[in-house]
Amino acid sequence: MDGSMRCDLAILGGGLAGGLIAHALSVRRPDLSLRLIEAQPVLGGGRVWAFPANDIEPEHRWIVEPFLSRTWNGYDVVFPAHRRSLGVRYHAVRPAEHDAGLRRVLTPETPVHARIARASATRVVLANGRTIDAAGVIDARGPGDLGLLDVRWRKYLGRELLLDRPHGIAMPIVMDAATPQQDGCHFMQVLPLDRRRLFVAACYFSDRRLADAHQMRRRIDDYADQNGWRVGEMTAEEAGVTPMLLDGGFDGYWESGGEHAAKAGARAALLHPATGAAVADAVRLAAYVAELPDLAGPALHEALRVHAARAWGERSFYRMVAKMLFHIADDDARYRLFERLYRLPPKLIDRFNAMQSTPADKLRILAGRPSLPLSQTFRALMGSER
Ligand SMILES: Cc1cc2nc3c(=O)[nH]c(=O)nc-3n(C[C@H](O)[C@H](O)[C@H](O)COP(=O)(O)OP(=O)(O)OC[C@H]3O[C@@H](n4cnc5c(N)ncnc54)[C@H](O)[C@@H]3O)c2cc1C
């Protein structure tokens, strides 16, 4: 073996975005030879993904359907002054099902578990010295240089808990902010996985990237106590930090992730700026890539750059909402922005989560309290940068 491989397309990073692109291409373009190069032993990102069903366009559902672990017919939100059930379907993908689902679709030679040392638009060098030459490369290894953007952080620690008794919770609690506020906007999330099993997460929208895992675990323990849950066993834990995008120049950020390299996922800034959610964008991009006529170096780079630049350009409103959250609201009152959002009509909330708000939606979201300076509100509505 000379240590080199050849393929049509190499996807760098088999997390959320890379995994879904590999899946979509395996289904739509089985003629292609693909490599999905991932440093970790699991594919799909190794996290629980949870998202409203309406985040995914009906024609793209086939991209996530094989991985869905649970679907509920609604979800709840809880705030100090307001509690609400929304009749909107909500999905969760668990890491084991995600990994197994991907391996069922991908050819056995597609996943390559190795650390990538460096890459260009047509060549990947692995840390073990092997090289992969490809007609095209998509880099989906997570964020580029976030120092070039104005970002804040969504911090998160989640635990899967097996309880001694049934918990009696029927629907996910997507945001429970009726908890002591600390380190920005703090809320708990609960996914009822089966009668006795819950996924419980402590989440923060915070100015500080540093995450205090002990504090987050304590929050989960306290929350379990408050709810009278007797925990028999903690069966899994995951933690991470993801950027929330307030401002910055797209071009510099794009180049920071590798000159002439086609990019996907957080590396292409494809995230909901005000929530850090990534599933909707990852599915849209996978659908887009699966239809591209040319997956070779320069054409691939240009197609993905145009897609990501357009998304960035269309999202100044959501970056403005993120700014409201971090610049305008008092630290202890940030959750009120979501409390207010979740009093609005369900379809408006859906469109906000899917980043498809209408001009009238935007006005309603910006018009309440906490309020923004008029000039910023105007620019957000017109879709222009600061
Ligand atoms: C804990 C947590 C939970 C989240 N939950 C949700 C959610 O429920 N719903 C939602 O919409 N969003 C969620 N998000 C946001 C979302 O995770 C991220 O924004 C998303 O992972 C970005 O997708 P990605 O494919 O760009 O990166 P990732 O999913 O992080 O994938 C990058 C992959 O590249 C691999 N990699 C990196 N460097 C190398 C290398 N040198 N060699 C080989 N492989 C490499 C990594 O191992 C990883 O698997 C969550 C974020 C966090 C932190």
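Residues numbered from 1 in each chain as written. Predicted model: local features only at pLDDT ≥ 70, side-chain atom pairs only at ≥ 80, totals over all residues. Heavy atoms only, no water.

Examined at the domain level, the protein breaks down into domain 1 (4–69 + 92–147 + 248–314), domain 2 (151–245) and domain 3 (316–382). Opposite the 15 residues of domain 1 that make contact, domain 2 presents 15 residues. Here domain 1 and domain 2 share one salt bridge between them. Here Arg 94 ties to Glu 160 by a salt bridge, and the two come within 3.0 Å at their closest N and O atoms. Our count for the contact surface shared by domain 1 and domain 2 stands at four residue pairs in polar contact (both at pLDDT 80 or more). Across the side of domain 1 that touches domain 2, the residue classes break down as 10 nonpolar, three polar and two charged. (Domains from an automatic or database assignment. Contact = heavy atoms within 4.5 Å. Salt bridge = Lys/Arg side-chain N within 4 Å of Asp/Glu carboxyl O. Polar contact = N/O pair within 3.5 Å; in protein donor to acceptor, adjacent residues only side chain to side chain. Nonpolar A, V, L, I, M, F, W, Y, C, P; charged D, E, K, R; others polar.)

So, on to the sheet that holds strand E4 (residues 70–72). What holds strands together in a sheet is hydrogen bonding between their backbones, with the strands either parallel or antiparallel. Taken together, three strands build an open sheet; the order of strands is E3-E7-E4 and the sheet is antiparallel. Every interior strand has two partners, whereas the edge strands, strand E3 (49–52) and E4, have only one. For this sheet, the mean angle separating the axes of adjacent strands, direction not counted, is 15°. (Pairing = 2+ DSSP bridges. Helix = DSSP H or I, 4+ residues; strand = E, 2+ residues; numbered from the N terminus. Axes fitted to C-alpha atoms, helices over the stretch in contact; angles between N-to-C directions.)

Here we come to the nonpolar core. Ranked by internal contacts, the top residues of the largest apolar core, which has 56 residues, are Leu 20, Ile 21, Leu 25, Ile 138, Val 289, Leu 300 and Leu 304. Listing elements by their share of this core, those giving two or more residues are strand E1 (4–12), helix H1 (16–28), strand E2 (34–38), E3, strand E12 (149–163), helix H4 (250–256), helix H5 (279–290) and helix H6 (297–314). Looking at this core element by element, the count peaks at eight residues for H5. With sequence-adjacent residues up to four places away left out, Ile 21 is seen in contact with Ile 11, Ile 138, Ala 264, Leu 285, Ala 286 and Val 289. Counting 44 residues, the second largest nonpolar core, distinct from the first, contains Tyr 75, Val 88, Met 244 and Phe 326. (Core = buried A, V, L, I, M, F, W, Y, C linked by side-chain atoms within 4.5 Å. Buried < 20%, exposed > 50% of the residue type's maximum accessible area, 1.4 Å probe, protein only.)

Relative to each other, helix H9 (residues 346–353) and helix H10 (residues 359–367) sit at 95°, their axes nearing to 10 Å. The orientation of H9 relative to H10 falls into the category roughly perpendicular. Contacts between H9 and H10 involve Leu 348, Arg 351 and Phe 352 on the former and, on the latter, Asp 361, Arg 364 and Ile 365. The residue makeup of the contact of H9 with H10, split by class, is three nonpolar, no polar and three charged. (Parallel < 35°, antiparallel > 145°, perpendicular 65-115°, else oblique.)

Taken as a whole and assessed by the stated rule, the structure comprises 23 salt bridges. The residue Asp 133 makes a salt bridge to Arg 123 at a minimum N-O spacing of 2.7 Å. Of the two residues, Asp 133 sits in strand E11 (residues 131–139) while Arg 123 sits in strand E10 (residues 123–126), which places them 10 residues apart along the sequence. Among the residues examined, Arg 123 registers a relative accessible area of 38% and is labelled partly exposed. Here the salt bridges share partners, and the residues they tie into one network are Glu 57, Asp 281, Arg 284 and Arg 315.

The strand order across the open sheet formed by seven strands is E6-E5-E13-E14-E15-E12-E16, and the pairing between neighbours is mixed. Two strands lie at the open edges of the sheet, namely strand E6 (82–86) and strand E16 (231–248), each paired on one side alone. Taking the axes of each pair of neighbouring strands and ignoring which way they run, one obtains an average angle of 15° across the sheet.

A word on the environment of Phe 352. Checked against the element boundaries, Phe 352 lands in helix H9. What makes Phe 352 buried here is its relative accessible area of 1%. C-alpha separation for the pair Phe 352 and Thr 131, spaced 221 residues apart in sequence, amounts to 43 Å. In this view, Phe 352 contacts His 272, Ala 274, Thr 275, Phe 317, Tyr 318, Val 321, Leu 341, Ser 357 and Ile 365; residues no more than four positions away in its chain are not counted.

Counted under the stated rule, the structure contains nine aromatic pairs. Plain terms: the ring middles of Tyr 75 and Tyr 90 are 5.2 Å apart, the flat faces sit at 55° to each other, and that makes the pair tilted. Of this pair, Tyr 75 sits in strand E5 (residues 75–79) while Tyr 90 sits in strand E7 (residues 90–93), placing them 15 residues apart in sequence. Here Tyr 75 falls in the buried class, since its relative accessible area comes to 1%. When the ring of Phe 205 is compared with that of Phe 338, the centres are 5.4 Å apart and the planes differ by 45°; the resulting orientation is tilted. A residue pair is termed long-range when its members are at least 10 positions apart, and Phe 205 in strand E15 (residues 197–206) and Phe 338 in helix H8 (residues 335–341) qualify at 133 residues. Take Phe 205 and Phe 338: they sit in the same class, and that class is buried. Three or more aromatic residues joined by ring pairs make a cluster, and in this case those are Phe 187, Phe 205 and Phe 338. (Phe/Tyr/Trp six-rings, centres within 6.5 Å; stacked < 30°, edge-to-face > 60°.)

So, on to the side chain of Arg 267. With respect to the element layout, Arg 267 can be found in the loop between strand E17 (262–263) and H5. Residue Arg 267 is classed as buried on the basis of its relative accessible area of 11%. Non-local contacts of Arg 267, meaning those with residues more than four positions away in its chain, are made with Asp 139, Arg 141, Gly 142, Pro 143, Gly 144, Tyr 253 and Gly 257.

Close contacts around the ligand come from 29 residues, with Ala 17, Glu 38, Arg 47, Ala 266 and Ala 278 the closest. Here a nitrogen atom of the ligand sits 3.1 Å away from a polar atom, N or O, in the main chain of Ala 39. Taking 980 Å² as the accessible area of the ligand by itself, protein coverage stands at 89%. Elements supplying a minimum of two residues to the shell around the ligand: H1, E3 and E16. In terms of residue count, the dominant contributor to the shell around the ligand is E16 (four residues). Here the shell around the ligand is built from residues that sort into 17 nonpolar, eight polar and four charged. The residue makeup of the shell around the ligand includes at least three contributed by each of domain 1 (4–69 + 92–147 + 248–314) and domain 2 (151–245). (Near = heavy atom within 4 Å. Areas by Shrake-Rupley, 256 points an atom, 1.4 Å probe, with all protein chains shown as cover.)

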